[in-house]
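Structural characterization, general
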Amino acid sequence: MIKRALISVSDKRGLIDFAKELVQLGVEIISTGGTAKILREANINVIDVSEYTGFPEIMDGRIKTLHPLIHGGILARRDNKNDIDSMEKLGIKPIDIVVVNLYPFESVTKKHLLQPSALSLQQFLEEAIENIDIGGPTLLRAAAKNYKDVIVIVDPDDYPSIIEDLKKGEASIEKRFELAKKVFSHTARYDALIADYFDKISSSAFNTQPSGFREDWILLLRMVQTLRYGENPHQKAALYALNETPSLIDAEVLQGKEMSFNNYLDTHSAVLLASEFEEPVCVIVKHNNPCGVAIAENPLDAYKRAFECDPVSAFGGIIAFNRVVDKTTAEEIVQTFYEVIIAPGFDEESLKIFSKKKNLRLLKFPALSDKIKPSGFDLKRIIGGFIVQQWDTLEDEFAQAKIVTKRKPTEDEWRALKFAWKVCKHVKSNAIVYAREDRTVGLGIGQTSRVFSAKIGAMHALSSLKGTVVASDGFFPFRDNIDVLAQNGVTAIIQPGGSVRDQEVIDAADQYGMAMVFTGIRHFRH
């Protein structure tokens, strides 16, 4: 028999209707401060916690519900004689429903990290600390521990089903267990949010070294939605968000079908590559690899150049821009089928044109206007765990660069080499990128031999390779790569260097009159 409920919530969604239903079922309601005030304003009878316990809220509300009359009423096992005797002896009444959600620590601290303010870091920290809930998690954990006797609700979306169950007589033990399971996930995530925030600000607040790789790390994953399927139709899939910014998950979907698992993978790759450039750029990605990349003075010309690199592979691909898409660019794009277009924005005329392609997904992602530096770490799933690394980002890609051949690159070749190098780091190894100073010409992707990539990249080229440059994500192990590139008309090469046969490779380049730059940096992408 449900006689008594304790309600203390920061998320007021559905609260009034839920409380009214409880009252109609004859349930007595105990509540705290703001929640009690809202209930009274809705003409709902409520007993203040301080009245119920005979002990006032103290320390600016830091202590409200931490009292034996509250926690005894929650934790008491109804089938345990010792617990029942203690309740009778001490005047403890059973609390049968606990409805609690926590101080908004996540939204408060996310605001701190995103929005500049006149407040100092120490002031931010103080505000964050005051939004660390103590009584709430204690109530939730106590109720969840005693789920057999107490219904615990942390999510307002569960109100209707609970009321429906109570009207039928009682919530099942299976339902109570599921609610308890949700609570422990919720409080675990809450504590992890606090630990994560403290870690992010600790080096700045107290002049300590960043912790880097933590000894214990709870991933702050929150399910956003289930997806239609995974990489293949027989695989179930879901989208989870981390507490990080910028986040591709925050991109606004303006039209089109729901994003798929593969859509997200490809769009992620396109965004990272587009973010490499300050100039207007268009990146076309297919199967998680670029098939065309180009820069220009405007999005339209960038798109045309990128498309010309490989029109066949572009079909059904993903496009990323780092500029707002306009009408003329949209008119050109809709002549070919694409899955997703992501950009900082779309003008009204382009949206009208794209609206005729009902299934085409348009994503507005303002962060693409700037050079995106992913936060946190890059995680790869393996059986039984993760391997974790820093993101492949550097402040100056060419700080260690040196010319190793007799001939130096011309100014035009330097521009082309830098363009190719930016693209190369986003192509799966072994990666060979044939390019000019404003566009890719041929791409050798993901081969087990670098010379195979060099040959395949040349095979993919739809225009002459004479006078192009090449970027390689790893060193050349043999001179045969240089022979292939020279046969295809390549004039300059950029690569990490570091092979035991570097001199052999340099000599080959000198033989062909090529310029070669060693970066001292490798960009493998598996």
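Residues numbered from 1 in each chain as written. Predicted model: local features only at pLDDT ≥ 70, side-chain atom pairs only at ≥ 80, totals over all residues. Heavy atoms only, no water.

Going by an unreviewed UniProt entry, the protein chain carries the name Bifunctional purine biosynthesis protein PurH and comes from Thermodesulfovibrio obliviosus. Here is the UniProt Sequence similarities (unreviewed entry) comment for the protein chain, exactly as written: "Belongs to the PurH family." (UniProt positions renumbered as here; feature names shortened; annotations may be inferred.)

**Some thoughts on the overall build of the protein chain**
The secondary structure content of the protein chain amounts to 19 helices and 21 strands. What you see for the protein chain is a C-alpha radius of gyration of 30 Å, clearly larger than the 24 Å of a compact globule of 526 residues, by over 25%. Dimensions of the protein chain, computed from C-alpha atoms along their principal axes, come out at roughly 100 × 55 × 45 Å. Relative to its 526 residues, the protein chain shows a buried fraction of 47%. A separation of at least 24 residues holds for 57% of the contacts in the protein chain among residues at least 6 apart in sequence. For the protein chain, the accessible area works out to roughly 26600 Å², and carbon and sulfur atoms hold 52% of it. Each charge class in the protein chain can be summarised by its mean position, and for the 65 positive and 71 negative side chains these summaries are 3 Å apart. (Helix = DSSP H or I, 4+ residues; strand = E, 2+ residues; numbered from the N terminus. Rg over C-alpha atoms; globule rule 2.2 N^0.38 Å. Buried < 20%, exposed > 50% of the residue type's maximum accessible area, 1.4 Å probe, protein only. Contact = heavy atoms within 4.5 Å. Areas by Shrake-Rupley, 256 points an atom, 1.4 Å probe, with all protein chains shown as cover. Lys, Arg positive; Asp, Glu negative; His and termini not counted. Charge placed at Lys NZ, Arg CZ, Asp CG, Glu CD.)

**Structural notes on the sheet that holds strand β4 (residues 97–100)**
Reading across from one edge, β3-β2-β1-β4-β5 is the order of the five strands in this open sheet, with parallel pairing throughout. Lying at the two open borders of the sheet, with one neighbouring strand each, are β3 (47–48) and β5 (151–153). Pairing of β4 with β5 involves three bridges; the strand directions are parallel. Its bridge partner lying in β5, V98 is registered against V152. In this fold helix α8 (residues 135–145) packs onto β1 (4–8), β4 and β5, with an angle of close to 145° to the strand it touches most, β4. (Pairing = 2+ DSSP bridges. Axes fitted to C-alpha atoms, helices over the stretch in contact; angles between N-to-C directions.)

**A few points about the side chain of D83**
Tracing the backbone shows D83 in helix α5 (residues 81–90). Filtering out sequence-adjacent residues up to four positions away, D83 remains in contact with L75, A76 and R77.

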